[in-house]
Amino acid sequence: MLEEKLIDIINTLDICNLEKSKEELKKYMYLHLLSLDDKDDLSCEELERIYYIIYERKRFKSENKIGTELLLLEKFKKAFNSFIYDLVERDYLWDAIELTSSVLKDTGGISRNIKLLVENNKQQEYLYSEIYLEDLKREFYINIRRKVLYSIFSEMNLVMGLIYSIRFDIEEKCQEHGRIVLSFLKDYKTEKIKSLHEFNNEAHTKEVKKLLSEEYSLELQRRMYLWDKLTIELKDHYCLEKLYFDE
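Residues numbered from 1 in each chain as written. Predicted model: local features only at pLDDT ≥ 70, side-chain atom pairs only at ≥ 80, totals over all residues. Heavy atoms only, no water.

## With respect to the overall build of the protein
So, step 1. Per the secondary structure count, the protein includes 13 helices and 2 strands.
So, step 2. For the protein, with 247 residues in total, the buried portion stands at 36%.
So, step 3. On the protein, roughly 16200 Å² of surface is accessible, and the fraction owed to carbon and sulfur atoms is 55%. (Helix = DSSP H or I, 4+ residues; strand = E, 2+ residues; numbered from the N terminus. Buried < 20%, exposed > 50% of the residue type's maximum accessible area, 1.4 Å probe, protein only. Areas by Shrake-Rupley, 256 points an atom, 1.4 Å probe, with all protein chains shown as cover.)

## Considering the packing of aromatic side chains
So, step 1. According to the stated counting rule, one finds 14 aromatic pairs in the structure shown.
So, step 2. A centroid spacing of 6.2 Å and a plane angle of 80° characterise the contact between Tyr 52 and Tyr 55, whose relative ring orientation is edge-to-face. Remark: Tyr 55 and Tyr 52 occur in helix H3 (residues 44-63); sequence separation between them is 3 residues, near one turn of the helix.
So, step 3. A relative accessible area of 43% means that Tyr 52 is categorised as partly exposed.
So, step 4. Measuring from centroid to centroid gives 5.3 Å for Phe 83 and Trp 227, while their planes differ by 70°, and the two rings are edge-to-face. A residue pair is termed long-range when its members are at least 10 positions apart, and Phe 83 in helix H4 (residues 71-89) and Trp 227 in helix H12 (residues 214-231) qualify at 144 residues.
So, step 5. Among the residues examined, Trp 227 registers a relative accessible area of 0% and is labelled buried. (Phe/Tyr/Trp six-rings, centres within 6.5 Å; stacked < 30°, edge-to-face > 60°.)

## Topic: the pattern of salt bridges
So, step 1. On inspection of all chains with the given rule, the structure shows 19 salt bridges.
So, step 2. Of the charged contacts, one joins Glu 139 and Lys 115 as a salt bridge, the two residues approaching to 2.8 Å between their closest N and O atoms. Pair noted here: Glu 139 is in helix H8 (residues 130-148) and Lys 115 is in helix H6 (residues 110-119), with a separation of 24 residues, a long-range link.
So, step 3. Glu 139 gets classed as buried once you look at its relative accessible area, which sits at 2%.
So, step 4. Of the charged contacts, one joins Asp 228 and Arg 167 as a salt bridge, the two residues approaching to 2.8 Å between their closest N and O atoms. Remark: Arg 167 occurs in helix H9 (residues 152-185) and Asp 228 occurs in helix H12; sequence separation between them is 61 residues.
So, step 5. In this structure Asp 228 comes out as partly exposed when scored by relative accessible area, which is 23%.
So, step 6. When salt bridges that share partners are traced, they join Asp 86, Arg 90, Asp 95, Glu 219, Arg 222 and Arg 223 into one network. (Salt bridge = Lys/Arg side-chain N within 4 Å of Asp/Glu carboxyl O.)

## Some words on a nonpolar patch on the surface
So, step 1. A cluster of nonpolar side chains, contributed by Ile 110, Ile 114 and Val 118, occupies part of the molecular surface with about 280 Å² of accessible area.
So, step 2. Inspection of the secondary structure puts Ile 110 in helix H6. (Patch = residues over 30% accessible without salt bridge, like charges linked within 9 Å, V, L, I, M, F, W, Y side chains within 5 Å.)

## Looking at the nonpolar core
So, step 1. Counting 46 residues, the largest nonpolar core has Phe 76, Phe 80 and Phe 140 as its most contacted members.
So, step 2. At the level of elements, H4, helix H5 (93-106), H6, helix H7 (124-127), H8, H9, H12 and helix H13 (237-246) are the ones that each hand at least two residues to this core.
So, step 3. Element by element, the count of residues in this core is highest for H4, at 9 residues.
So, step 4. One finds Tyr 30, Leu 31, Leu 34 and Cys 44 within the second-largest nonpolar core, a separate group that totals 9 residues. (Core = buried A, V, L, I, M, F, W, Y, C linked by side-chain atoms within 4.5 Å.)

Next up, the structure:
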């Protein structure tokens with residue numbers, strides 16, 4: 001892996017091999033920045049040329065504000081915020097945290113999530129708090145903004161992918177709810193199914209009890225409807241064209 005080679009070179013640097021290792025370090029740094037593979041037979045000079053072409057394109061787009069408006073991303077953030085706020089308002093904070101953590105990881109931001117856990121020493125009260133949720137959302141928005149800046153097509157592809165992956169996640173939970181309930185109610189020692197009354201008399205977290213409540217299946221269906229309602233405009237081609245045409 002490129003990361004391992006970069007770390008190895010850095011760890012073995014000393015005053016004697018500094019000049020010798022400089023070119024190799026630069027080469028692997030450019031490969032990493034350009035998301036290229038070390039199997040690509042390119043010299044350090046060629047990689048440097050590619051990097052500065054990309055750099056100049058980004059600088060030009062930034063100075064001329066090309067692709068920096070992120071209008072579609074801002075609309076998605078508004079829809080996602082509304083959806084998450086709705087879950088919290090209905091006392092499904094853990095579901096909101098789980099969903100936000102999932103989309104952060106799915107968009108390549110797992111290190112951002114781990115950073116939050118390290119900063120807060122994995123404290124239990126933090127992991128079940130609205131502060132953690134807000135931190136996750138902030139890291140999620142930073143992460144996706146960096147991925148789509150300067151490219152309208154990347155912005156569209158990412159937003160559409162997120163819309164459908166979140167919808168799929170809710171739909172899958174809805175379909176799997178019955179199986180999950182049975183797995184919780186099954187006594188694996190006796191192979192018998194407990195009644196809900198028996199289960200509720202046992203010690204379980206509030207989140208688990210909610211998951212097994214009669215209302216939860218209906219709640220999942222409501223979420224599918226709400227997410228479709230919040231994002232229907234974002235999936236419309238006319239809306240997308242008008243959004244950027246007006247701008």
